Structures are given as structure tokens and as C-alpha cells.
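This is what each chain is made of:
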Amino acid sequence: MKLYPIRKLVVSGEFITNCYVLDREGKCFIIDPGYEKERIQEYIKKEGLVVVGILLTHAHIDHMEALDCFDVPIYIHEIEYKVLMDDDLNGFGYFQKDKGYDLSKMEIIKINEETKIPLGDEEISVIHCPGHTIGGVTFKIGHDLYTGDTLFEGSVGKWDRPTANLQDLKKSVIKLIDEQPDHMLIHPGHGRSSSIGLEKQINPFYHQWKRESE
């Protein structure tokens, strides 16, 4: 299997967030366009890529404030749709910010674990990972897992946000680490990339939660 470079933009707003550009043969999806819309647009133009869609791992402000960076379909888990549409749940209300775009005028595609999203000769699959939010997902393609705010290098997502659930997060983290091969790379919404094999060794939350579940 051909290896593709990971294109990551670290964007800043209320938080510092990873925005990924997932490309194959000149076409790409933008994963979690959190902030700095113009910078994302300039990067795409400089690299000569064609954006075919936006993938949201979950609908928090720091992953979607720049959602209108391109006029393309937006993919979000069907259960997360209510978070996307409710500013009391997605953080825009908390930070008292206007979206700056009208969701009713955007093409929003609801997805689930049955969904396969084509890109080049490959497919992006969807792993439902509730816990940080009710409809958070991990996107999987090739050797790469885009885990949003579910699984980080040596850590996990917070569970004190609206629609979060600690028991769900425990199950999601254990499912990801136990069911995905060790060589799979994880690319989280914040911080550095890691691998499933490394997290299996070092992640203290996984170790504790795994013991609790046995």
C-alpha cells in the first residue's frame, strides 16, 4: 500500500487545533477546519489541490469555525448533527461567537458506520466513537486514523462537555486500541500523532479503563 504524507495545519483560535488535508491524486478532504479560514484556503491553492468535501470528527467550535472555507459537502455523523445545529452544544454559545456562516445553506451529509466515502482509488471508513461528544467519529483510510478528540498521544478527550459521556468514551478508546492493528497511525485533533501500538503500551487511560472492564 502506498504511503501518503500527512498534511497537517495547526490552526489557532480559542484553542490550538489540528486541521488535516487528506489528499489522493490531487483531490482532498479537509478534516476539522477549526480556525484560520484564509490560511486553509491559501494552503489548498498553493498545493494545487481540489477540495471535494469536509469531514468533521465532531461538531465543536474549535473543529469547525472555518467550516465555510470551501463550498463543498460537509460530512458528519447522523447523531452529531444535533450538536452541529445547536450553539448551546457546540461551543459557539459558550464563547458568545457568531458562526459567520449559515448552516441551512450548506450541503450537510449525515454518515454512520455503514458509510464509505470514496477518495481516489481508496475509501474512507467511519468508526463511531462517542464519549467526547455523542456522535464523534474516527475516520480511517489506509494506515491512518483521524481520531478527533477521542484518542490522543498518551491521553484521551475530555468528558465534561455537553453530550459527553465517560462510559461511552472508555468503550470507544478501548475499541479503537484493541480492534485496530498496532501499525495504524493516529492523528488527533490536538497535539502530536502516535500509533495504536504505542498507545497500547503507554496510554494510562487505556490501561486503567481496560483493567476496569475485565
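Further up the page is the structure itself.
Residues numbered from 1 in each chain as written. Predicted model: local features only at pLDDT ≥ 70, side-chain atom pairs only at ≥ 80, totals over all residues. Heavy atoms only, no water.

Re the overall build of the protein
Then, number 1: A count of helical and extended segments in the protein gives seven helices and 14 strands.
Then, number 2: Taken against the 2.2 N^0.38 rule, which gives 17 Å for 214 residues, the C-alpha radius of gyration of the protein at 16 Å falls within 12% of a compact globule.
Then, number 3: Taking the principal axes of the C-alpha coordinates as reference, the protein spans close to 45 × 40 × 30 Å.
Then, number 4: The buried share of the protein, reckoned over its 214 residues, is 51%.
Then, number 5: Counting only contacts in the protein whose residues sit at least 6 apart along the sequence, the fraction spanning at least 24 positions is 60%.
Then, number 6: Accessible surface computed for the protein: about 10,000 Å², of which carbon and sulfur atoms make up 49%.
Then, number 7: Taken as two groups, the 25 positive and 36 negative side-chain charges of the protein have centres that lie 3 Å from each other. (Helix = DSSP H or I, 4+ residues; strand = E, 2+ residues; numbered from the N terminus. Rg over C-alpha atoms; globule rule 2.2 N^0.38 Å. Buried < 20%, exposed > 50% of the residue type's maximum accessible area, 1.4 Å probe, protein only. Contact = heavy atoms within 4.5 Å. Areas by Shrake-Rupley, 256 points an atom, 1.4 Å probe, with all protein chains shown as cover. Lys, Arg positive; Asp, Glu negative; His and termini not counted. Charge placed at Lys NZ, Arg CZ, Asp CG, Glu CD.)

Some points on the state of the cysteines
Then, number 1: All told, the structure shown has zero disulfides when counted by the stated rule.
Then, number 2: Between Cys28, a cysteine without a disulfide, and Cys69, which holds the nearest cysteine sulfur, the sulfur-to-sulfur distance is 9.4 Å.
Then, number 3: Distance from the sulfur of Cys129, which forms no disulfide, to the nearest cysteine sulfur (Cys19) is 19 Å. (Disulfide = S-S within 2.5 Å.)

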